[in-house]
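Overview (structure and organization)
Each chain, letter by letter, is given below.
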Amino acid sequence: MSRVWKFFVSLAVFAALCALGLSWFVNHEVERAFNQVVADVPDLSLSYDDISVDIFDHCVELTKVDATLPWGQRATADLVRITAFDQRNPLPHFVTAQAMGLAIENVPATMGSWTGPLASMGIDGIRGDAALDYAYDQTTSLLTVKTLSLDSPELGHVELSGVVDRLDLAQLRVEKFLGMRLHSADMVFIDRSLVELLVGGMARLLNTSESDARDRIRAEIAAMVRYAHGDRNRAAADALAGLEDFVAAPGMIAVSLRPVEPVPLLYFFMGRDIYDNMRLFNVEVTTDAERHI
């Protein structure tokens, strides 16, 4: 073996050892830093089997995650991938993360008042993949939710996004939420079986068939459409007509809120009914029947 060849072999071995050493060091430091971040978030509990980091794209992955959130909700996940995370604030000002194999039990501690209705539909938990991507600007008190999604093979796919302001993450208390203003919001839902479960639950409650229950739901919505028309509330009438279409033939429904000016969330509690709120928030509905409402 020539000296040149030996040199290149030695260099390759050295580079491999350096890469392994660097990888070990980065993973060790990331785990230490991550555990400290979790400890700094009030009332957050999180455990995992393993943690690793890609030294090239800085993506952190955790396997077999079990978390209890600050508000008491508990969830588990097979894999959590974090590509961006604010380490400077107790409540992160930005997060980009995905959770694969997410599982949320239908228990009061997690689902609250939804526990009973979900149980009546035969839903003992929610499983699927989730994603979260948001950023908070402390200077403007503006929170931008780029993506908050859950894809459940059993129930459906829901994706939310929106912008609110006048939010203080440093003093996140219930009364602080009332001062928030909504700039815009979007929701897209693709049904797989959730509507069928809702209709089935209604049928059992009314002691009738599922087709009759669906007709009754559509009749109630149609009556609301007529009322909105009579009140000359075009936004509410059109949005409710879109909802009736979706109940009749579940598929995809998209709901957007585009108020002319940012609307304080406090307005929800100031005597306005659903029709006034639809007009105030300039609600629009689109279904996969390509009927723009």
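See the structure above.
In this report, we go over the structure that sits alongside the text. None of these values were measured; they are calculated from a predicted model.

With that settled, consider the overall build of the protein chain. Looking only at helices and strands, one finds eight helices and twelve strands in the protein chain. Contacts in the protein chain between residues far apart in sequence, at least 24 positions, make up 51% of those at least 6 positions apart. A total accessible area of about 17600 Å² is found for the protein chain, and carbon and sulfur atoms account for 60% of it.

What follows covers a nonpolar patch on the surface. Nonpolar side chains collect at one region of the surface, where Leu178, Leu266, Phe268, Phe269 and Met270 lie side by side and expose about 490 Å² of accessible area between them. Looking at where Met270 falls in the secondary structure, it is placed in the loop between strand S11 (263-264) and helix H8 (274-280). Judged by relative accessible area, which is 47%, Met270 ranks as partly exposed.

What the rule picks out here adds up to two aromatic pairs. Relative to Phe246, the ring of Phe189 lies with its centre 6.2 Å away and its plane at 75°, an arrangement referred to as edge-to-face. Linking Phe189 in strand S9 (residues 181-191) with Phe246 in helix H7 (residues 234-248), this pair joins segments that are 57 residues apart in sequence. Take Phe189 and Phe246: they sit in the same class, and that class is buried.

Our next topic: the pattern of salt bridges. Where side chains of opposite charge bring their charged atoms close, a pairing between them can arise. What the rule picks out here adds up to 13 salt bridges. For the salt bridge of Asp212 with Arg216, the shortest nitrogen-to-oxygen distance reads 3.0 Å. Note that Asp212 and Arg216 are positioned in helix H6 (residues 210-230) at a spacing of four residues, about one turn of the helix. Accessibility expressed as a relative area gives 42% for Arg216, which makes it partly exposed. Across the pair Asp238 and Arg234 runs a salt bridge, and its minimum N-O distance is 2.6 Å. Note that Asp238 and Arg234 are positioned in helix H7 at a spacing of four residues, about one turn of the helix. With relative accessibility at 60%, the residue Arg234 sits in the exposed group. If you follow the salt bridges from partner to partner, you end up with Asp66, Arg74 and Glu105 in one network.

Another aspect to go through is the packing of H6 against H7. Relative orientation of the contacting elements H6 and H7 amounts to 165°, with a least axis distance of 8 Å. Judged by the angle between their axes, H6 and H7 are roughly antiparallel. Of the two elements, H6 crosses H7, and the hand of that crossing is left-handed. Contacts between H6 and H7 involve Arg214, Ile217, Arg218, Ile221, Ala222, Met224, Val225, Ala228 and His229 from the first element and Ala236, Ala237, Leu240, Ala241, Leu243, Glu244, Val247 and Ala248 from the second. Looking at side-chain class alone, the contact of H6 with H7 contains 13 nonpolar, one polar and three charged residues.

Now for unusual backbone geometry. Of note in this structure, Lys64 is not a glycine but carries a positive phi near 50°. The residue Lys64 is located in strand S3 (residues 60-68) in this model. Its identity is not glycine, yet Arg232 carries a phi of approximately 55°, on the positive side. Residue placement: Arg232 occurs in the loop between H6 and H7.

Moving on, we come to the side chain of Asp86. The residue Asp86 is located in the loop between strand S4 (74-85) and strand S5 (94-105) in this model. Although Asp86 is buried, it forms no salt bridge, and the closest oppositely charged side chain is Arg88 at an N-O distance of 5.5 Å. Side-chain polar atoms of Asp86 contact the backbone nitrogen of His93, separated by 2.8 Å. The contacts of Asp86, once residues within four sequence positions are left out, are Leu91, Pro92, His93 and Phe94.

Counted at 1.5 Å a residue, the expected span for H6 with its 21 residues is 30 Å, and the 30 Å between its end C-alpha atoms agrees. Three or more residues of H6 are buried, namely Ala213, Ile221, Ala222, Val225 and Ala228. Contacts made by the buried residues of H6 are with helix H5 (194-206), H7 and H8. The first or second residue beyond H6 is Arg232, which carries a positive phi of 55°.

Judged by nonpolar contacts, the single largest core of 55 residues is most densely connected at Leu62, Val80, Leu102, Leu182 and Val283. No other element matches the seven residues that H7 contributes to this core. Non-local contacts of Val80, meaning those with residues more than four positions away in its chain, are made with Val60, Glu61, Leu62, Val65, Gln98 and Ala99.

Thresholds applied
Residues numbered from 1 in each chain as written. Predicted model: local features only at pLDDT ≥ 70, side-chain atom pairs only at ≥ 80, totals over all residues. Heavy atoms only, no water. Helix = DSSP H or I, 4+ residues; strand = E, 2+ residues; numbered from the N terminus. Contact = heavy atoms within 4.5 Å. Areas by Shrake-Rupley, 256 points an atom, 1.4 Å probe, with all protein chains shown as cover. Patch = residues over 30% accessible without salt bridge, like charges linked within 9 Å, V, L, I, M, F, W, Y side chains within 5 Å. Salt bridge = Lys/Arg side-chain N within 4 Å of Asp/Glu carboxyl O. Buried < 20%, exposed > 50% of the residue type's maximum accessible area, 1.4 Å probe, protein only. Phe/Tyr/Trp six-rings, centres within 6.5 Å; stacked < 30°, edge-to-face > 60°. Axes fitted to C-alpha atoms, helices over the stretch in contact; angles between N-to-C directions. Parallel < 35°, antiparallel > 145°, perpendicular 65-115°, else oblique. Left-handed = near helix turned anticlockwise from the far one by under 90°. Nonpolar A, V, L, I, M, F, W, Y, C, P; charged D, E, K, R; others polar. Lys, Arg positive; Asp, Glu negative; His and termini not counted. Polar contact = N/O pair within 3.5 Å; in protein donor to acceptor, adjacent residues only side chain to side chain. Expected span 1.5 Å × (residues − 1). Core = buried A, V, L, I, M, F, W, Y, C linked by side-chain atoms within 4.5 Å.

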